[in-house]
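Architecture at a glance
What follows is the residue order along each chain.
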Amino acid sequence: GDVYKRQHVRRQFLTFLNDFTIQDPETEQETFFYKDQALDMKNNERSTIYVNFSHLASFFSQVGDFLEQLIVEYYRVEPFLKRAVHNFLFNLYPDFAQNKIFSVSMHNLSGIEKIRDLSCNRIGRLMTFSGTITRTTEVRPELVYGQFTCVVCNNDVSDIEQQFRYTEPKMCRNPNCDNKTKWELNTEASIFCDWQKLKVQENSSEIPPGGMPRSLDIILRDELCDTAKPGDRCIFTGTLVVVPDIVSLMKPGEKIQVNARSNPMRRNNQLSLDGVTGLKSLGVRDLNYRMVFMSCHVQALHNSCLLYTSPSPRDRQKSRMPSSA
């Protein structure tokens, strides 16, 4: 039942991308807003489509359950929205969309929350809040889908989705092999994306008298990385998720050590280097969790960065003209 509902969301979102029109202020003609944006994505090799939530609200004004499900179950339906974007672009530009992963960036939601109001009952919902960036990390590669090779039988296992930690296959798909632990990552056939973490603190005007400022970790991916810097006051749109907090379980000053275990399946007389695989390696029994915010859109309050606007008729005609080679 749940999968059917989310597939229904995918179909409705695909209909929205194909059919939504907006009136051009210059020509007063209706134009397909997201088809124009798809052309812009193709011309500029972008992988993120920017969706104005007010467009969704007007398009689905008679279908209230769609917007409610989108907001309440955003974390669960987001993969289906990405699939709809891929279908949308593949139908228009198959050569461009093939073997590409697309992202959905929602913006212009009504109501801006405060960091202090982001509690556990908001987990998984689509929401917007404002805060001031205090620290950023460098942009790093993140493994999204891994292809692993079985060390025992050399069989490949593809499309292993990573769930906030390094995730290997549960077992080899070769019926004659019972390997469950010995895997080698095939980096050339795996899919990576850009990843960056921000530390965001609540705005000074929102701190109650005598209170300490609260902060939250924000995760950015792909084209959102490096769009904001420390000191910027920004509006973030996305969803709260819960991740295991391994570092907080360790003693002060203690570091996670790479564990060089003796392994009979050594290659070229080198030790197999395995990271910490669970709480047993840390010597603790309790597991703590922490909330992070997976942002799908960032907008600095002093500008309108990352917002897509429909091109003028002259620009649209230029983008469709064949380049003279």
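Remember, it's a predicted structure, so these values are computed and weren't measured experimentally.

As a further point, take the overall build of the protein chain. Secondary structure summary: the protein chain contains eight helices and 14 strands in total. Relative to its full complement of 325 residues, the protein chain shows a buried share of 38%. Contacts in the protein chain between residues at least 24 apart in sequence constitute 69% of all its contacts with a sequence separation of at least 6. For the protein chain, the computed accessible surface area is about 19400 Å², with 47% contributed by carbon and sulfur atoms.

Moving on, we get to the side chain of S130. With respect to the element layout, S130 can be found in strand 5 (residues 127–136). For S130, a relative accessible area of 6% puts it in the buried group. Of the polar contacts made by the side chain of S130, one reaches the side chain of N203; its length is 3.2 Å.

We now examine the confidence of the model for the protein chain. With 78% of its residues at a pLDDT of 70 or more, the protein chain has an overall mean of 79. Here residues 248–277 is modelled with pLDDT under 50, and outside its nearest four sequence neighbours on either side it reaches 33 contacts, counting other chains as well. In this model, residues 304–325 is a region of pLDDT below 50 whose contacts with residues beyond four sequence positions or in other chains number 38 contacts.

Here we take up helix 2 (residues 33–44). In this model, helix 2 (twelve residues) spans 17 Å end to end at C-alpha, consistent with the 16 Å of a helix rising 1.5 Å per residue. Every buried residue of helix 2 is listed here: F33, Y34, D36, Q37, A38, L39 and M41. Positive phi appears at E45, one or two residues downstream of helix 2, with a value of about 55°.

Applying the stated criterion to the full structure yields 14 aromatic pairs. Between the aromatic rings of F129 and F293, the centroid separation amounts to 4.8 Å while the plane-to-plane angle is 85°, which identifies the pairing as edge-to-face. One end of the pair, F129, is in strand 5; the other, F293, is in strand 14 (residues 289–300), and 164 residues separate them in sequence. Both residues of the pair, F129 and F293, belong to the buried class. Put simply, the rings of F13, F16, F20, F33, Y34, F59, F60 and F66 pair up and form one aromatic cluster. Note that K42 overlies the ring of Y93, its terminal NZ or CZ placed 5.5 Å from the centroid.

Where strand 10 (residues 215–221) and strand 14 come together, three bridges link them in parallel fashion. Along strand 14, the bridge assignment pairs I218 with F293.

The next subject is the pattern of salt bridges. Applying the stated rule across the entire model yields nine salt bridges. When the shortest N-O distance is used, the salt bridge between R46 and D40 registers 2.8 Å. The class of R46 is buried, set by a relative accessible area of 14%. The exposure class assigned to D40 is partly exposed, which follows from its relative accessible area of 25%.

This paragraph deals with the nonpolar core. Membership of the largest hydrophobic core comes to 35 residues, with the highest contact counts inside it found for F13, L56 and M106. Taken together, the elements giving at least two residues each to this core come down to helix 1 (2–19), helix 2, strand 3 (48–52), helix 3 (53–59), helix 4 (64–72), helix 5 (74–92), helix 6 (94–97) and strand 4 (103–107). Take this core: its biggest share by element is seven residues, from helix 5. Other than its neighbours up to four places away in sequence, L56 contacts F13, F16, V51, F66, L67, L70 and M106. The next biggest cluster of nonpolar side chains, apart from the first, holds 19 residues, and it includes I218, A228, L240 and A300.

For the rest of this paragraph, the subject is helix 5. For an α-helix the count is 3.6 residues per turn, leaving residues at separations of three or four pointing the same way. The terminal C-alpha atoms of helix 5, which comprises 19 residues, lie 26 Å apart, in line with the 27 Å expected from a rise of 1.5 Å per residue. Within helix 5, burial applies to Y74, V77, E78, F80, L81, A84, V85, F88 and L89.

A cluster of nonpolar side chains, namely I123, V242 and Y289, defines an oily patch on the protein surface of about 260 Å² accessible area. Along the chain, Y289 falls in strand 14. Relative accessible area serves as the criterion here: at 51%, Y289 is assigned to the exposed category.

Criteria and thresholds
Residues numbered from 1 in each chain as written. Predicted model: local features only at pLDDT ≥ 70, side-chain atom pairs only at ≥ 80, totals over all residues. Heavy atoms only, no water. Helix = DSSP H or I, 4+ residues; strand = E, 2+ residues; numbered from the N terminus. Buried < 20%, exposed > 50% of the residue type's maximum accessible area, 1.4 Å probe, protein only. Contact = heavy atoms within 4.5 Å. Areas by Shrake-Rupley, 256 points an atom, 1.4 Å probe, with all protein chains shown as cover. Polar contact = N/O pair within 3.5 Å; in protein donor to acceptor, adjacent residues only side chain to side chain. pLDDT = per-residue confidence, 0-100. Expected span 1.5 Å × (residues − 1). Phe/Tyr/Trp six-rings, centres within 6.5 Å; stacked < 30°, edge-to-face > 60°. Lys NZ or Arg CZ within 6 Å of the ring centre and 35° of its normal. Pairing = 2+ DSSP bridges. Salt bridge = Lys/Arg side-chain N within 4 Å of Asp/Glu carboxyl O. Core = buried A, V, L, I, M, F, W, Y, C linked by side-chain atoms within 4.5 Å. Patch = residues over 30% accessible without salt bridge, like charges linked within 9 Å, V, L, I, M, F, W, Y side chains within 5 Å.

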